[in-house]
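Chains, contacts and geometry: an overview
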Amino acid sequence: MWKVMLVEDEMFVRESVKMIVNWEELGFTILGEADNGEEALQLLQEKHFDLVITDIKMPVMDGVGLLKQARELDYTCKFIMLSCMNEFEYVRKALEYGASNYILKLSMSVTSLVEALSKIKLELEEQSQYADQRIHLFYQQMWRHITELEQEEPVAVPSVIAELQHFNLTIVSVIRGEERWTSKEHIGALPFIDYRYAEVTHLYHSEGLTTVFIWHKPEAPLIDTSAGDNNYAIVYGTNLPYSQLHMQWSRIIQQMSIVWYSGKKGVFYVDAMEVKESAPYFVWRKKRELISSFEKLEEKRCQELIDEIWNDMQSSHLSMVQVKKIAADIDYTLYSMIQKGSSSQSALFDARNHEQLKGAVLAKLQSCLNAYKQTQPTIMTDHPEVNKVITYINDNFHNDDISVKSMAAMIAMDENYFSSLFKAKTKESLITYVHQLRINKALFYLTQTDLTIQQISENVGFKNINYFNRIFKRMKGVTPSQYREG
């Protein structure tokens, strides 16, 4: 049984997590509980745990602080983070420190927890093949060095790796999505590798890419490309000295983008591939337009923007890992827009080429658009002309041409009569209806984006930021800045 610790300051949430699934049936047993990160860290120092399920926001020490300190102390236990809708920055930091998954507390279900635990179980079983679990942390830290923009502290080399440094190294990276090999399955799955010459073999899996590290004697005839492999897209480097591990793995990941974009399968030698360095790509401008088009339910434009983003990433030669991070960010934003449904991103990490990933994101986009339509205001009356005005406002709330005068003119009705009619049919004035709609839209931008207050004001139809602040405070009791700060 894999040992679990629950860390949650709200007792009823902790009890719910304990009761929602049959832990023993899934191969886990709960052996520890804590009210905050500090208590949990003390427990980690006293006994071994394979998995920590922790709330992100807690008193004394939050979940991200717990995860960070656990990693600094070389604890390799898995982490599942429990988060709320407005905690994306915490989630991002948790994922950077190596959290395996996150689950939104408000939508936590048996299915979402079982999916997360099943994935963790596979990862734990994979790790068990290592004689020293510090090996996994070694590759994990190096992976983050390669794939993250922010530099971390130097990678600590465990003694087991240090003892292998007199061997040469062959690195084989395979796009396999979320499939996982056991410690023996990869031998039969990669027929072009002659494992008779292998001294030690390690596997590392992250974001749909499985990398096999084979330590062997120098010049050993390990690779036989005539055996071929047409089941996967594979890039490898062979007979490398240990000193080139970081550089060559980084190069393989970057060159993997060539087969990622083409969708080709087969075995490719890294030195035989054309070098294509990635260029900076800043997706936030088009992501902002995507959010705006989503809110307007402009389905065609949303799809065009996804196409543009995917073409931009290919033109910039971003690595598969960078592409999947952007896709995951877009997916999380779409999920945040509707605030319901599944937060699982397994379809993204399971994608095995650029077009397949785009298809997964477009499918999520369509699903979210359909769900978002159902959340839109549905105030309809028994008066067809008033209904026509309501539909127009819902679709064009961000425009500054909405007024009693313009709406009355649109339906060819006297202004005073229309104003009285609208209030009689909806129980509120036209301006109050518009303000409520715009402020509700502003709430999303404040909690789920880093747009400035000025930009948010303009996005929801207030061209004067002072007027926006005044209406917002009247309706919510605080200013937009105070609301954002929590």
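Residues numbered from 1 in each chain as written. Predicted model: local features only at pLDDT ≥ 70, side-chain atom pairs only at ≥ 80, totals over all residues. Heavy atoms only, no water.

The name given to the protein in an unreviewed UniProt entry is Response regulator, with the source organism recorded as Paenibacillus oenotherae. The record held by UniProt for the protein lists under Subcellular location (unreviewed entry) the comment "Cytoplasm". (UniProt positions renumbered as here; feature names shortened; annotations may be inferred.)

**Observations concerning the pairing of strand 6 (residues 168–175)**
For strand 6, the buried fraction is high: 8 of the 8 residues fall into the buried class. Every second residue of strand 6 is oriented toward a common face, with Asn168, Thr170, Val172 and Val174 on one face and Leu169, Ile171, Ser173 and Ile175 on the other, all of them buried. Sheet topology note: the strand 6/strand 8 (residues 209–216) ladder contains 8 bridges and is antiparallel. Each bridged residue has a counterpart across the sheet, and for isoleucine 175 the counterpart in strand 8 is leucine 209. Note that strand 6 and strand 9 (residues 233–240) share 6 bridges and pair antiparallel. Bridging from a neighbouring strand, isoleucine 171 pairs with glycine 237 of strand 9. (Buried < 20%, exposed > 50% of the residue type's maximum accessible area, 1.4 Å probe, protein only. Helix = DSSP H or I, 4+ residues; strand = E, 2+ residues; numbered from the N terminus. Pairing = 2+ DSSP bridges.)

**Quick word on helix 11 (residues 299–315)**
For helix 11, built from 17 residues, the straight-helix expectation of 24 Å at 1.5 Å per residue is met to within 8% by its first-to-last C-alpha distance of 24 Å. Within the sequence span of helix 11, burial applies to Cys302, Leu305, Ile306, Ile309, Trp310 and Met313. Viewed end-on, helix 11 has its buried residues packed into an arc of 135 degrees, placing them on one side of the element. Opposite the packed face of helix 11, turned more than 90 degrees from it, sit the exposed residues Lys300 and Ser315. Of the residues flanking the end of helix 11, it is histidine 317, one or two places downstream, whose phi is positive at about 55 degrees. (Expected span 1.5 Å × (residues − 1). Arc of directions from axis to C-beta.)

**A closer look at the packing of aromatic side chains**
A full pass over the atoms with the stated rule returns 16 aromatic pairs. Ring geometry for phenylalanine 472 against tyrosine 483: centres 5.8 Å apart, planes inclined by 75 degrees, an arrangement best described as edge-to-face. Of this pair, phenylalanine 472 sits in helix 20 (residues 465–476) while tyrosine 483 is found in helix 21 (residues 480–485), placing the two residues 11 residues apart along the sequence. Since its relative accessible area comes to 0%, phenylalanine 472 is described here as buried. Site record: aromatic cluster; members linked through ring pairs are Phe138, Tyr139, Trp143, Tyr204, Phe213 and Trp249. Taking the ring centre of phenylalanine 462 as reference, the NZ or CZ of arginine 438 above it sits at 5.5 Å. (Phe/Tyr/Trp six-rings, centres within 6.5 Å; stacked < 30°, edge-to-face > 60°. Lys NZ or Arg CZ within 6 Å of the ring centre and 35° of its normal.)

**Notes on unusual backbone geometry**
Phi at valine 60 takes a positive value of approximately 70 degrees, unusual for a residue other than glycine. With respect to the element layout, valine 60 can be found in the loop between strand 3 (51–55) and helix 3 (63–72). One non-glycine residue, lysine 427, lies in positive phi territory at about 70 degrees. Among the residues examined, lysine 427 registers a relative accessible area of 70% and is labelled exposed.

**Structural notes on the sheet that holds strand 1 (residues 2–7)**
Across the sheet, which stays open at both edges, the 5 strands sit in the order 2-1-3-4-5 with parallel pairing between neighbours. Two strands bound the open sheet, and with one partner strand each, they are strand 2 (28–34) and strand 5 (101–104). Mean inter-strand twist for the sheet, computed between neighbouring axes without regard to direction, equals 20 degrees. Sheet topology note: the strand 1/strand 2 ladder contains 6 bridges and is parallel. Note on strand 2: the bridge partner recorded for leucine 6 is glutamate 33. Along the sheet, helix 1 (residues 11–20) makes contact with strand 1, strand 2 and strand 4 (78–83), crossing strand 2 at roughly 175 degrees. (Axes fitted to C-alpha atoms, helices over the stretch in contact; angles between N-to-C directions. Contact = heavy atoms within 4.5 Å.)

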